[in-house]
Amino acid sequence: MYRHDLLIIGAGLAGLRAAVEATRLGLNVAVISKVHPVRSHSNAAQGGINAPLTDRGDDWEGHALDTIKGSDYLADQDAVEVMSSEAGEAVIELERMGVIFSRGEDGRLGTRRFGGQKVARTFFVGAITGSAILHVLYEQALKLGLNVYEEWFVTDLIVEDGRCVGVIALDIKSGKLEAIWAKAVIMASGGAGRVFEPSTNAIICTGDGLALAWRVGIPLMDMEMVQYHPTTLDRTGILLSEGARGEGAYLLNSQGERFMHTYAPEYLELASRDVVSRSEQTEINEGRGINGNVLLDLRHLGRELIENRLGYLQEVAVEFLGIDLAKEPVPVRPGVHYIMGGIKTDVDGATAMPGLYAAGECANVSVHGANRLGANSLLDTVVFGRRAAVHAAEFIETVENGSGSQEHLKATEARLRYLLDRPPAEGWATIRNFMAEEMTKGIGVFRDQASMESAESSIDEVADRVEKMSVQNKGKVFNTDLIFTLEMEFMADVAKTIVHGALARKESRGAHYRTDITERDDENWLKHTLVYSDDDREAGVRVETADVTITKWEPVRRAY
Amino acid sequence: MDVNLKVRRYDPETMDQEQSRWDQFRLDMHPSSTVLDALIHIRENIDATLALRCACRASICGSCGMRVNGEAKLVCKTRIADIAPDGKEIIIEPMGNQGLIKDLVVSLDPFFDKVRQIDPYLKAASEPDQGEFIAANDAMENLLTAMNCIMCGACVSDCTVLEVDDKFIGPAALAKAWRFVEDPRDDARTDRLKELNDAEGGIWDCTRCLKCVEVCPKDVAPMDRIMELREMAINDGNTDTSGYRHTESFNRSLKKHGRLDEARLAVESAGYTNVPRLMDLASIGVKSLIRGKMPPIKPHKADESHKIRALFNKVESEHKP
């Protein structure tokens, strides 16, 4: 039997940061991940990590205000205060662990400016910041001898007496199903971009943790807040970092105009992401796009800067499009990138269920509110990953292990057997493609009642089809067909929470922009949406709301 | 576009370890598709039992290393139009030197066991009282070459030394070792160099075949890093190795004769006091003699060897400390 003090689901930045902390605190820790840690999607974060370092004249309140304004005042301000005030220490710690941040002439860490922020406070490693940090955290994991269940897929959380006491998981390499018991579990399983198409997200970003938590009764908060990144590649959705604009790149329409002058006269290309994505989409909708794209122009930055500071961008442009960024502008469009919504937690990562914590993209603390600032996601992962571990360690002192009963394992075995024995029907892939296209249509950069209702009926259809889908591959070893089928079930749940969150919010705020109700409504909607699983309702969901925590920044009209 | 794939399949549940079969797939794909797009298309629409790893689709996660037409590549950044524009057959196989799990999925253990071997983390004797380590940007940017490594395993797959000697630490782990040796914040440089120099399968086991440099999808150029490690190890006083003696003998011979004195090179590399190795060489010498393959005991001077010597003198005077 597998038993630990703490089990962390996911080995990206949030999961590994939590694991490092918990190991230092002397806990018996294990990390479980459906991919090897260095394959995690934290890799794909390119541009940097924000930190207001006071020793170079910045102040955390400045970062907090930029974050809150970026969130369109939906972030909980107590949570933002925690993140901003702990940011400096978190980034310095990463440097001391070995991250090779870019530096200035004086040998100290250098910055670039990122969107929605008044000053340059984004620390970076070329255009591979996420990858560089992930690899260093993995080095720390190796140093500490961290126990990792590599390529294990979590199918269920084990809940006993209202407390999370472990997981049921499938060893992908052997096909064996096991129960892993822990006194506390931290969900750090990342995002859900695959619910949409195209998206910048990896194929593995299927919202597993969101659905696992939701199924055991934990509310998902502000799921309608889906970030469209302004510079993604057509068709594939591959990301080109905001770092390009941070270094000074322009956005141009088909007439060669820097159209951001119209929409954000002060911040221009470095307005917040929701604003830039809407501006681009408006240009495209009004006929000033080029085959559904606008242009990202880096030519004036010069080859040396492009290759030294944005090397990975150049690699992507050359290898995937055959475009040399020093010579040609590259067509880009808004694409699904990040989900601000997630498992509702407090500032210590605690969820509504004792023993279950969440951190990183799957969690909603909430520091990103209705729109996340670029380079705040990496910060979120390390600050709240660490805090979740610290709090979980305290909790672990107060509880005993779960029962160790075989019943949970048997229940999952029966469920998987039923799935594998279903009569031949359509597989997961056609359902996923249908769902993802419908979600992108209905829950887009712009949305309205009709588009969201259309998405709702598509998602209902998806739920029906998921009930019947069958697994073609009956093998045990590396049966990805089975894994993807289980992921499809997760995604169908996540899509449902997104659609119902969106339908509930009768205003426009941040990423949730309704063309039929274009104004923000602080009187009625300075509120979080909470979507619960509820079998008593026809739709299977119940939506409630909760107040936003305001500490010292009163909501004002937002302009860039 | 017309795409023609031949994929090596292996299923441990129905086949013996040495068995495999070839499956042929003809597809119609978008003109800018990658090999990964084609494999995903097969997995989603034709054969759900096909096993492969992939995640980011953008050459940053390192999951999708496999052999394409005999050479290790990241298939997410291998565009079909570039390698088979006219529907020519593309041969897909799992990576080498890493043990096979199923179809195109290899074991990750051989790769990461080697990474573990080099103490792959920063060892700083002390930390600054406040703030970050101060270090020159040039020195840090220099490390990015190796930091670009995404641990995809392509270099390990096609390493010709690993093919015959699984003790070799290998290109990826040695490039990672270089990254710490060169890091101005790391205080274990001397120990690291000694360890890499002395270890079985250490820096002297690379045969400089260049394969890792060719196949690395992120321009890490592991072999160049290994050569730099050798130089640093020598400069750090690690001279009691056949590798060092080989280098010195090679150098002397070229400078003196303008060509390689192969007999002397073999003996000097072994070291005059290394009796067991000299015995080995003696038996090879006898066999060579019998077959008429023995290199001359007293080497001939190359024509115009003075020109080579002039080159040596020029380089040496330029690099005088």
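Refer to the preceding data block for the structure.
Here goes a summary of the coordinates provided.

**A closer look at the pairing of strand β7 (residues 152-160) of chain A**
Among the nine residues of β7(A), seven are classified as buried, and the element is accordingly described as predominantly covered. Connecting the antiparallel pair β7(A) and strand β8 (residues 163-171) of chain A is a turn made up of two residues, with D161(A) showing a positive phi of about 50 degrees.

**Describing the pairing of strand β1 (residues 2-9) of chain A**
Residue and element names in this part refer to chain A. For β1, a buried count of six out of eight residues is recorded, marking the element as mostly surrounded by other parts of the structure. Here seven bridges tie β1 to strand β9 (residues 176-187), and the two strands are oriented parallel to one another. The residue bridging H4 from the neighbouring strand is A182, located in β9. Taken together, the four bridges between β1 and strand β2 (residues 29-33) define a ladder with parallel strand orientation. Following the sheet pairing, I8 is matched in β2 by V31.

**Some remarks on the packing of helix α5 (residues 208-215) of chain A against helix α15 (residues 480-504) of chain A**
Residue and element names in this part refer to chain A. Running from N to C, α5 and α15 cross one another at 75 degrees; their axes reach a closest spacing of 8 Å. If you check the angle between α5 and α15, you find them roughly perpendicular. Between α5, through D208, L210, A211, L212, W214 and R215, and α15, the contact on the second element is made entirely by E487, E489, F490, D493, V494, K496 and T497. Along the lines of polarity and charge, the residues of the contact of α5 with α15 split into six nonpolar, one polar and six charged.

**Overview of the packing of aromatic side chains**
Within the structure shown, the criterion is met by 11 aromatic pairs over all chains. Aromatic side chains Y138(A) and F112(B) sit 5.8 Å apart centroid to centroid with 85 degrees between the ring planes, which places their arrangement in the edge-to-face category. Residue Y138(A) is found in helix α4 (residues 129-144), and its partner F112(B) is found in helix α3 (residues 109-117); the two belong to separate chains. Residue class for Y138(A) comes out buried when judged on its relative accessible area of 4%. Their ring planes at 90 degrees and their centres at 5.0 Å tell us that Y267(A) and Y560(A) sit as a pair that is edge-to-face. Of this pair, Y267(A) sits in the loop between α7 (260-263) and α8 (273-285) while Y560(A) sits in the segment after β19 (541-547); the two residues are 293 residues apart in sequence, bridging distant segments of the chain. The exposure class of Y267(A) is buried, given its relative accessible area of 6%. Through successive ring pairs, a cluster of aromatic residues spans Y2(A), Y149(A) and W152(A). We note K69(A) situated over the ring of Y560(A); from NZ or CZ to the ring centre the distance is 4.2 Å. Directly above the aromatic system of F124(A) lies the positively charged group of R112(A), at a separation of 3.8 Å from the ring centroid.

The rules behind each value
Residues numbered from 1 in each chain as written. Chains lettered and ligands numbered in written order. Predicted model: local features only at pLDDT ≥ 70, side-chain atom pairs only at ≥ 80, totals over all residues. Heavy atoms only, no water. Buried < 20%, exposed > 50% of the residue type's maximum accessible area, 1.4 Å probe, protein only. Helix = DSSP H or I, 4+ residues; strand = E, 2+ residues; numbered from the N terminus. Pairing = 2+ DSSP bridges. Axes fitted to C-alpha atoms, helices over the stretch in contact; angles between N-to-C directions. Parallel < 35°, antiparallel > 145°, perpendicular 65-115°, else oblique. Contact = heavy atoms within 4.5 Å. Nonpolar A, V, L, I, M, F, W, Y, C, P; charged D, E, K, R; others polar. Phe/Tyr/Trp six-rings, centres within 6.5 Å; stacked < 30°, edge-to-face > 60°. Lys NZ or Arg CZ within 6 Å of the ring centre and 35° of its normal.

Keep in mind these values describe shape, not function.
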